[in-house]
Every structure is written in structure tokens, then in C-alpha cells.
Amino acid sequence: FTAKKLQGQHLLITAGPTFEAIDPVRGITNLSSGKMGFAIARAARAAGADVTLVAGPVHLPTPHGVMRINVQSARQMLEAVQSQVGNASIFIATAAVADWRPAEFSDQKIKKDGSGDVPALAFVENPDILATIAQTDAAKYGNLYCVGFAAESHDLLKHASAKRLRKGVPLLVGNIGPATFGKDDNALLLIDDQGTKELPHASKDVLARQLVDEIAQRLTAARGA
Ligand code: C5P
């Protein structure tokens, strides 16, 4: 028997990278594997939650019993999240969303013309999905518990604390470096208004279960349930 700590909760979670197209065959993306987000989706399902997983392009099987929506770009990810958030009681943003996308998409493959000229790429900023969702009424009034992630190369506590406030989320989870992208293990630093707590180095599956427990405790405290 395992306690179903998230019974009755509906988790909406983003995972993986986004892919921002330049032309029909090219684009920019990053090395996020999606493993942490998929592990959390699996752990939350095991803890009794209904889970909707919005995934960028990753090579991972859908966790059993999880509803998955595949997207490519940040804008598609935001749209998918906004279409589902009305049902959610918890939102966790683990996706490594591209900060910028090419300002223009070329319908046709950009050709190398032999002149040695290189295309000039201009970029525009993508929407911040987490900040957008965390600043909706449901999140502001506590009906939607929002959790963000941070991957920093240095000064994790300082940057992650600032990020928690800037995004407006009660809980920010820092990846304790070095680069965790693609790895099967990690260590996490939880930051909330009570302070910090470290989840020491372990597999992403173990950390996901611990994080689900931590979130369940905070939900109980936040809602006085
Ligand atoms: O600002 P930064 O990208 O470091 O913030 C990381 C957190 O914000 C992660 O939880 C990530 O999923 C989320 N995020 C987002 N949309 C963006 C950028 C980041 O949801 N455009």
C-alpha cells in the first residue's frame, strides 16, 4: 500500500525542450531530455493525481495513465497549457523553453547560393509560460499551485530565489549542477517562503517521488486541508 498523496489533484506539467523553426528543415532547440518532467508525471500519477503532460520533442514513452499532448514551439506549448490549465490544481514547469525564436519563418528551405553570403537571423522573445500561468487569477488566489525549475551555472541559490519572486511561484526547484540535461540522476534545491531544502543526489525517479511528497505537504499546508 502506498499513500495516494495527490488523490483528487490534477497536475499539468511541461517537459522537454521546445523547437523553434527557421525553415521547414531547420530550427533551434536545446539538449533537454525531458527525463525529469516525465519522472514527475509518473510519480504524480502513482500518487493518485490525474496528470496532463505537455511535451516538447523528446524520445520518451508516455508514462502509464498519463494524458500527453505533444508540441514543438514555445507558443504551441503555451497554447496547450492554457487549454488545459482550467482543470488543473497543480502546474509544474520543467520544460526548457527556448527564450527566443527566429523572428521570421521561411516557408521554403533557405538555400545556400554559393556566394558565401550567410543568412542573418533575427530573434524575438518567446512568451514565459510559467510566469504567464503563475500570474493568472487561479494561481494568484492559490487554487493553482505553481512550481518552477531553474538550471543555473553559478550562484544557484541567489538566482533561483530571485527567479521564484520574479515568476511569482510559491516553490522554485533548482537543479544542483553540473549540467543535468540528458542524465538519469540529479540533485535538487527546493526554495519556498520558508527557506531551502536540499534533495541530495539520486536518480530522477527517486527525486521525482520525493518532490511529489514535498509538493503534497505544501498543498496541505497552503489549503489547510
Ligand atoms: O527564466 P528561466 O528560463 O530560467 O526559468 C525557468 C523556469 O521557467 C522553468 O520552470 C521553465 O519551465 C519556465 N519557463 C517557461 N517559459 C519560458 C521560460 C521558462 O515556462 N519561456
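What counts, and where the lines are drawn
Position numbers for residues start from 1 in each chain and track the written sequence from start to end. Selection of residues for local features in this predicted model requires a pLDDT of at least 70, selection of side-chain atom pairs for listing and counting requires 80 or more, and totals for whole chains, interfaces and linings are taken over all residues. Neither water nor hydrogens contribute to the side-chain values; these are computed over all heavy atoms in the structure. In DSSP terms, a helix is any run of H or I states spanning at least four residues, a strand is any run of E spanning at least two, and both are numbered starting from the N terminus. Here the radius of gyration uses the C-alpha set of atoms, whereas the globule reference equals 2.2 Å times the residue count to the power 0.38. Note on exposure labels: buried denotes an accessible area under 20% of the residue type's maximum, exposed denotes more than 50%, and partly exposed covers the range between, all computed with a 1.4 Å probe on protein chains only. Note on contacts: a residue pair is in contact if any heavy atoms of the two residues lie within 4.5 Å. UniProt positions are given in the numbering used here, feature names are shortened, and annotations may be inferred rather than shown by experiment. Here a polar contact is taken to be a pair of N or O atoms separated by no more than 3.5 Å, where protein atoms must pair a possible hydrogen donor with a possible acceptor and residues adjacent in sequence count only if both atoms sit in side chains. Take the buried residues of types Ala, Val, Leu, Ile, Met, Phe, Trp, Tyr and Cys, join any two whose side-chain atoms come within 4.5 Å, and each joined set is a nonpolar core. Whether a residue is near a molecule or strand depends on its heavy atoms: if one lies within 4 Å, it is near. Classification used: nonpolar for Ala, Val, Leu, Ile, Met, Phe, Trp, Tyr, Cys and Pro, charged for Asp, Glu, Lys and Arg, polar for all others including Gly. Strands are labelled as partners when DSSP assigns at least two bridges between them. Here the axes come from fitting lines to C-alpha atoms, over the contacting stretch only for helices, and the angles between their N-to-C directions go from 0 to 180 degrees. By definition here, a helix of n residues has an expected span of 1.5 Å times n minus one.

Description of the overall build of the protein
Regarding its fold elements, the protein presents six helices and twelve strands. Relative to the 2.2 N^0.38 estimate, which gives 17 Å for 225 residues, the radius of gyration of the protein is 18 Å and therefore close to what a compact globule would have. Counting only C-alpha atoms and orienting by the principal axes, one finds that the protein spans roughly 65 × 35 × 35 Å. The buried share of the protein, reckoned over its 225 residues, is 46%. The long-range share in the protein, meaning contacts at least 24 apart out of those at least 6 apart in sequence, stands at 62%.

Focus: the UniProt feature "binding site: CTP" (unreviewed entry) in the protein
This chain's UniProt record puts "binding site: CTP" (unreviewed entry) on Asp99, Lys109, Pro127, Asp128, Ile129, Leu130, Phe149, Lys163 and Lys167. The greatest C-alpha distance among the residues just named is 38.0 Å, and with 69 residues of sequence between them they are spread in space as well. On the secondary structure map, Pro127 appears in the loop between strand S8 (123-125) and helix H3 (129-134). On the basis of relative accessible area, Pro127 is assigned to the partly exposed category, the value being 25%. Beyond its immediate sequence surroundings of up to four residues, Pro127 is in contact with Arg75, Leu78 and Arg101. Mapped onto the elements of the fold, Lys167 is located in helix H5 (residues 156-167). Exposure remark for Lys167: the relative accessible area of 16% places this residue in the buried category. Ignoring anything within four residues of it in the chain, the contact list for Lys167 reads Asp128, Leu130, Ala131, Ala134 and Gln135. A polar contact of 2.6 Å, which involves the side chain of Lys167, links it to the side chain of Asp128.

Quick word on the nonpolar core
Leu6, Ile40, Ile92 and Ile215 are the most contacted members of the largest nonpolar core, which has 36 residues in total. In this structure, Leu12, Ala80, Ala150 and Ala160 belong to the second largest nonpolar core, which totals 27 residues.

Concerning the site of the ligand
In the region of the ligand, the neighbouring residues are Ala93, Thr94, Ala95, Val97, Pro127, Asp128, Ile129, Leu130, Gly148, Phe149, Lys163 and Lys167. Contact distances for the ligand include 2.7 Å between an oxygen atom and a backbone N or O atom of Ala93. One of the backbone nitrogen or oxygen atoms of Leu130 is found 2.9 Å away from an oxygen atom of the ligand. Of all the secondary structure elements, the ones that give two or more residues to the shell around the ligand are H3, strand S9 (145-151) and H5. Looking at the shell around the ligand residue by residue, the class counts come to seven nonpolar, two polar and three charged.

Quick word on the sheet that holds strand S10 (residues 171-175)
The sheet built from eight strands is open, its strands ordered S5-S4-S1-S6-S9-S10-S11-S12 with mixed pairing. Lying at the two open borders of the sheet, with one neighbouring strand each, are strand S5 (67-70) and strand S12 (195-203). Pairwise comparison of adjacent strand axes, ignoring direction, gives a mean angle of 15° for this sheet. Relative to S5, strand S4 (residues 50-55) runs parallel, the two sharing four bridges. Counterpart to Thr52 in the pairing with S5 is Met67. Those strands touched by H5 are S9, S10, strand S11 (185-192) and S12, and its axis lies near 55° from that of S11.

Digging into helix H1 (residues 35-46)
Taking 1.5 Å of rise per residue, twelve residues should cover 16 Å, and H1 covers 16 Å from first to last C-alpha, within 8% of that figure. Of the residues trailing H1, Gly48 is marked for its positive phi of about 100°.

A word on the environment of Ala122
You can see Ala122 is positioned in the loop between strand S7 (100-102) and S8. Judged by its relative accessible area of 49%, Ala122 falls in the partly exposed class. Along the sequence, Ala122 and Arg101 sit 21 residues apart, while their C-alpha atoms lie 8.5 Å from each other.

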